[in-house]
Amino acid sequence: MDIFKIIGVGLIGGILSITVKQYRKEYALLVGLATVLLILFYSLGTLETAIKQISLITEKSGVDTRYFAAVIKVVGVAYITQFGAEIMRDGGEGAIALKVEMAGKIFILGLTIPIITEFLEVCVNALSAI
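None of the values given here were measured: they were computed from a predicted structure.

Peer 1: Mind showing me how you'd approach the packing of helix α3 (residues 65-90) against helix α4 (residues 94-129) here?
Peer 2: Helices that pack against each other are described as a pair by the angle of their axes relative to one another and the distance between those axes. Contact geometry of α3 with α4 gives a least axis separation of 8 Å together with a crossing angle of 175 degrees. One element, α3, and the other, α4, form an angle in the roughly antiparallel class. A class-by-class count of the residues in the contact of α3 with α4 yields 15 nonpolar, five polar and five charged.

Peer 1: Any chance you could explain α4 here in plain terms?
Peer 2: Residues separated by three or four positions in an α-helix point in the same direction, a consequence of the helix having 3.6 residues per turn. The end-to-end C-alpha distance of α4 is 51 Å, a good match for the 52 Å that 36 residues give at a rise of 1.5 Å each. At Thr112, α4 is bent by approximately 40 degrees, the largest bend along its length, and proline Pro114 sits one to four residues beyond.

Peer 1: What should I look at first to understand the side chain of Thr81 in this one?
Peer 2: Mapped onto the elements of the fold, Thr81 is located in helix α3. Among the residues examined, Thr81 registers a relative accessible area of 13% and is labelled buried.

Peer 1: Sorry if this is basic, but what is going on with the pattern of salt bridges here?
Peer 2: Once the charged atoms of two side chains with opposite charge are near each other, the side chains can pair. With the rule as written, the count across this model stands at five salt bridges. Notably, a salt bridge pairs Arg24 with Glu26, separated by 2.7 Å at the nearest N-O pair. On the basis of relative accessibility, which here comes to 43%, the residue Glu26 falls in the partly exposed class. For the salt bridge of Lys52 with Glu48, the shortest nitrogen-to-oxygen distance reads 3.5 Å. Taken together, the positions of Lys52 and Glu48, both in helix α2 (residues 25-61) and four residues apart, correspond to about one turn of that helix. Assessed through its relative accessible area of 53%, Lys52 is described here as exposed. Connected through shared salt-bridge partners, Glu86, Arg89 and Glu101 make up one network.

Peer 1: How do you make sense of the environment of Ser128 when you look at a structure like this?
Peer 2: Mapping Ser128 onto the fold places it in helix α4. Counting along the chain gives 96 residues from Ser128 to Gly32, while the straight-line C-alpha distance between them is 56 Å. In terms of polar contacts, Ser128 uses its side chain to reach the backbone carbonyl oxygen of Val124, at 2.6 Å.

Definitions and cut-offs
- Residues numbered from 1 in each chain as written.
- Predicted model: local features only at pLDDT ≥ 70, side-chain atom pairs only at ≥ 80, totals over all residues.
- Heavy atoms only, no water.
- Axes fitted to C-alpha atoms, helices over the stretch in contact; angles between N-to-C directions.
- Helix = DSSP H or I, 4+ residues; strand = E, 2+ residues; numbered from the N terminus.
- Parallel < 35°, antiparallel > 145°, perpendicular 65-115°, else oblique.
- Nonpolar A, V, L, I, M, F, W, Y, C, P; charged D, E, K, R; others polar.
- Expected span 1.5 Å × (residues − 1).
- Bend = angle between axes of the 7 residues up to and from the residue.
- Buried < 20%, exposed > 50% of the residue type's maximum accessible area, 1.4 Å probe, protein only.
- Salt bridge = Lys/Arg side-chain N within 4 Å of Asp/Glu carboxyl O.
- Polar contact = N/O pair within 3.5 Å; in protein donor to acceptor, adjacent residues only side chain to side chain.

Honestly, it's all geometry; don't read function into it.
This is the structure:
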């Protein structure tokens, strides 16, 4: 199972980072970043499978694929934002991490505006029909 590989990489990377941090703090951040990238690499297969399954369900249900694409983008931005912010926090830059999170929220708002607009149009049309 891939989860055991991920846990192994995480444990080895964590121990290596702690060991390296005693001698060179700047290298410890790079070890942590490399560990995270390896974990993401091992997770991509599962993510691809999940997206294919959700896409298949969306097609069968008749739901507009634009909504599916928007949800996937929002989830992607959320994960990437969290990933970036945590790297900043690991590097001791909490203030920058907060700004990265704020920027992620703004991007998510931008991605959802078309859906919100369409939803409001449907509500207005439904109320006009009454």
